[in-house]
Amino acid sequence: MSAVLASRGLGDRLTGLFWRRPNLLLLLLISPPLIWLGLVYLGSLAALLVQSFYSIDEFSGVVVPEFTLRTYAELFNPANMDIIIRTLLMSASVTVGCAVLAFPIAYYAARFARGHWKAAFYLGVMLPLWSSYLVKVYAWKLILAKEGIIGWAAGATGTTPILEAVLAIPGIGGNSLSTSFLGTWMVFVYVWLPYMILPMQASLERVPVSMLEASADLGATRGQTFRTVTLPLALPGVIAGSIFTFSLTMGDYIIPQIIGTSARFIGQAVFQLQGTAGNIPLAAAFAVVPILIMLVYLALARRAGAFDAL
Amino acid sequence: MHSERASLGLQIAAIGGLLFLHLPILLIFLYAFTVEERTYQFPPPGLTTEWFAVAWNRADIWPPLYLSLKVAAVSTVLALVLGTLVAGAMARSRFFGREQISLLIILPIALPGVITGMSLRSAFAIMEIPFSVWTIILGHATFCIVIVYNNAVARMRRLSGGLMEASADLGANAFQTFRYVLLPNLGSALLAGCMLAFALSFDEVIVTTFTAGQQSTLPIWMLNELVRPRQRPVTNVVAIVVFAVTFVPILLAYYLTRGGSETAGGGK
Amino acid sequence: MTVAVEFSSVSRHFGAVRAVDGVSLQIAEGAFFAMLGPSGSGKTTCLRLISGFEKPTAGVIRIFGEDVSDVPPNRRNVNTVFQDYALFPHMNVADNVAYGLMVKGVGRAERLRRAEEMLAVVKLDEYGGRKPGQLSGGQRQRVALARALVNEPRVLLLDEPLGALDLKLREAMQDELKALQQRLGITFVFVTHDQHEALSMADSLAVFNEGKIAQIGTPEEVYARPATRFVADFVGSSNVLPPDMTQRIGGPAAWSSLRPEALRLAPAEGAALAGPVTALRYLGAGTRVQISTGSTEVAAFVPAGQPLPLPGQNVGFAFDAADLHVMDRA
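So, here's what we can say about the structure.

**Section: the layout of surface pockets**
Here the second largest pocket defines a volume of roughly 1,600 Å³. What lines the second largest pocket is a set of 41 residues, and nearest its centre among them are F18(A), L25(A), R92(B), M164(B) and A174(B). Its residues assigned to classes, the lining of the second largest pocket comprises 23 nonpolar, 11 polar and seven charged.

Pasting the structure below:
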């Protein structure tokens, strides 16, 4: 038998070609996804930018495809600024709420859970993360409705006055929890909580046990160790998680539409402007706002070393 | 530290947090059986199973269900092909622009849905593309690529590079190596990726509302019911269906990739 | 003599790193050829150049006279036993062994029969149904061997074939590999960093250093007549003597080597090499006695049973002039 086997058709010939030109195979592999993402996604992002520099003719309601900064200037109307600031405040408070609730879960899962418990914790966070978004929001509609489970529980325990007092707080209260900012906030916190737990747990798991022991050896109390060692080391995880909670809250429009007041958030503004109002340029300009904010946020987070925790 | 036990407060907070994540979903199940159809009264004044039959006979539920299944299936197949290709290119090679490409893959899911949705909407407006099943699929496939990619690339990295060389050494051409060595070892990771992609697409509502026009997927149908409720328990029945269609693939994906560093879902 | 593998001025550079640098060699058909060298010396890259997983930056490789510059690995009638064996984890042992036949289109019954035969050759007849994960290291290695040999390659490449095995198994496998090679008559090329392995198994070997071949020859030649200081030191830890010292003990002004076993203990007075004992190392079959001659340390191998000097004691070493090997190259 010869030292070189005969080529048996196209498969072998192509294999030889790929072997002689390894970059050709790479190019063939990467081209379809790159073309798709480049065309569909980057193309769309570019279209968004282009649209945001168009404007709408006030009388005819037709989009004028000419470059202008007028649409962006409209963002600075008091009404529109209200929407942006409201959204930012909500994103920030949701992030804080998620961080506070996530910490014990992440800490317990990272430090104390072992074996089956560890798997249970992991699944316990992963399943809500992946289960239907709309179903989760709907569940809270049931919970927060005036006649729902919280109202019932308040009545059953005689705490209705407390609930009413909370709802009477101006700014965050309302007719019922499902029509208040407080309600909106609770649902946001619930829906995005797993996105905070996972990176937090990942960064806590990276805190070496030996470091905690060293701290204890040096005479630190549990509280001191926690404050001076654990918390600072967990911070990158918190920041990584906050990227998700902040960004997701800022871009959401379903939750405030279903649970909350009539005051709008950026996402709602975008949706309504492009739909019923037909003002695609202003909708696009509104959509650029979260992108810019997230770019700044990401730059700050990178400096804080949060990307190692992702 | 190993011998140390968590304090009671921490245990309660941790377990309480997990319950907080799960209990609300159970309510969906309960309310599917309530006899009260106009309010969300708790506790339900009575229980009945009639809503499942009512939902079954509601003609307006079936078309959205079919549309959602169709969109999810086609998007998953597209994401499978594109995600696997890009994983194949990224797994081993180092090349110029690699970091940028990995960012590009993640971006559609990292940016809020409203941006992805509005971007697609802007593009459709500029290019005067009418809404269709394909405009929905275009968006879904784009954000599903990263799901398949994440699963595939993790498995490829774990797979010993020697296996592919061994296959070539024994006389297999590139296609035989793919068919007999790569695919069998990659299979479960790809299946997991597909299931997650399917679940994600089936459930997606934010991007879809921008790309669907007048069409209704099941989540859009649900959204309309939430805004303007008719028979509320019927919505619960549909919610259970949506929950099940997303929950089962997720659980399967978890078991398919268990034991690796790539456990499914880490990248949502 | 038919040449199985021929390198003509072959180089393989990775950027600025010259992994293989102008190597020329010929491996005769039916040889058991070893590529010996420390890690990073280029021996494994040479092996991968033969199998086709690396392409030469310059030079030509011929296998049985055919230039394989354009031939991808799958079309080279050459098979490899990989260092980590690279058995397919999703296939059982029989399917692993039959893989090469399968991709060449041999029918299922026929290829399983031949796989079974080959498994018998490596004494694993009963193991066809198992998964690689259920085998020991030594068994996996036999499967890898069977998987390569079933294709009846013209050349079998072995990459550190015994590296992952424990000492006892390694010695048993050495004999088996040697016997197998003689029985099948296939050209074996194996890579190792273990000089004992190379000397005991190969009938011809190349010593690699920094991407170049330092010496090619039979084990006896390489051991007794190292061409360079590197070879003398790497193969058998010879005493390497600088030119002035060579001259002092009666040789020319050139680097030379003296095998420890060629040295005998002698009275310090009048001995060519003499000095205080700096170290005694017991090696079972004898003891390695090291003395300091001022500028250089020299060691002798003293067979068991002979009286040994004490540490610090002044002793001399004597040798036959014929054992002093003067090297042509530095």
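Alright, that's what it looks like, and here's the rest.
**Here we look at the interface of chain B and chain A**
Across the contact, 93 residues belong to chain B and 86 residues belong to chain A. Applying the counting criterion to the chain B and chain A interface returns zero salt bridges. For the pair chain B and chain A, the interface holds 14 residue pairs in polar contact (both at pLDDT 80 or more). Ranked by residues supplied to the side of chain B that touches chain A, first place goes to helix 1 (residues 8–31) of chain B with 15 residues. For the side of chain B that touches chain A, the residue count by class is 64 nonpolar, 23 polar and six charged.

**Observations regarding the side chain of H140(B)**
Turning to its location among the elements, H140(B) is positioned in helix 6 (residues 133–158). On the basis of relative accessibility, which here comes to 1%, the residue H140(B) falls in the buried class.

**Regarding the nonpolar core**
Counting 177 residues, the largest nonpolar core has L48(A), Y133(A), W192(A), I254(A), F286(A), M118(B) and M222(B) as the members making the most contacts within it. Among residues more than four places away in sequence, those in contact with M222(B) are L134(A), V135(A), Y138(A), T235(B), V238(B), A239(B) and V242(B). One finds A98(C), L135(C), L145(C) and M173(C) within the second-largest nonpolar core, a separate group that totals 45 residues.

**Concerning unusual backbone geometry**
Residues and elements named next belong to chain C. You will see that A86, though not glycine, has its phi angle at about 50°, which is positive. Relative to the helices and strands, A86 resides in the loop between strand 6 (78–81) and helix 2 (93–103). Here A86 falls in the buried class, since its relative accessible area comes to 4%. If you check the backbone angles, E210 has positive phi at about 50° while not being a glycine. Position of E210 among the secondary structure elements: in the loop between strand 9 (204–209) and strand 10 (212–217). Of the residues examined, E210 reaches a relative accessible area of 64% and is grouped as exposed.

What counts and how
- Residues numbered from 1 in each chain as written.
- Chains lettered and ligands numbered in written order.
- Predicted model: local features only at pLDDT ≥ 70, side-chain atom pairs only at ≥ 80, totals over all residues.
- Heavy atoms only, no water.
- 1 Å grid on protein atoms, 1.4 Å probe; cavity = no way out; pocket = protein on both sides within 12 Å on 5 of 7 lines; lining within 4 Å.
- Points joined across faces, edges and corners; volume = space filled by probe spheres on them.
- Nonpolar A, V, L, I, M, F, W, Y, C, P; charged D, E, K, R; others polar.
- Contact = heavy atoms within 4.5 Å.
- Salt bridge = Lys/Arg side-chain N within 4 Å of Asp/Glu carboxyl O.
- Polar contact = N/O pair within 3.5 Å; in protein donor to acceptor, adjacent residues only side chain to side chain.
- Helix = DSSP H or I, 4+ residues; strand = E, 2+ residues; numbered from the N terminus.
- Buried < 20%, exposed > 50% of the residue type's maximum accessible area, 1.4 Å probe, protein only.
- Core = buried A, V, L, I, M, F, W, Y, C linked by side-chain atoms within 4.5 Å.

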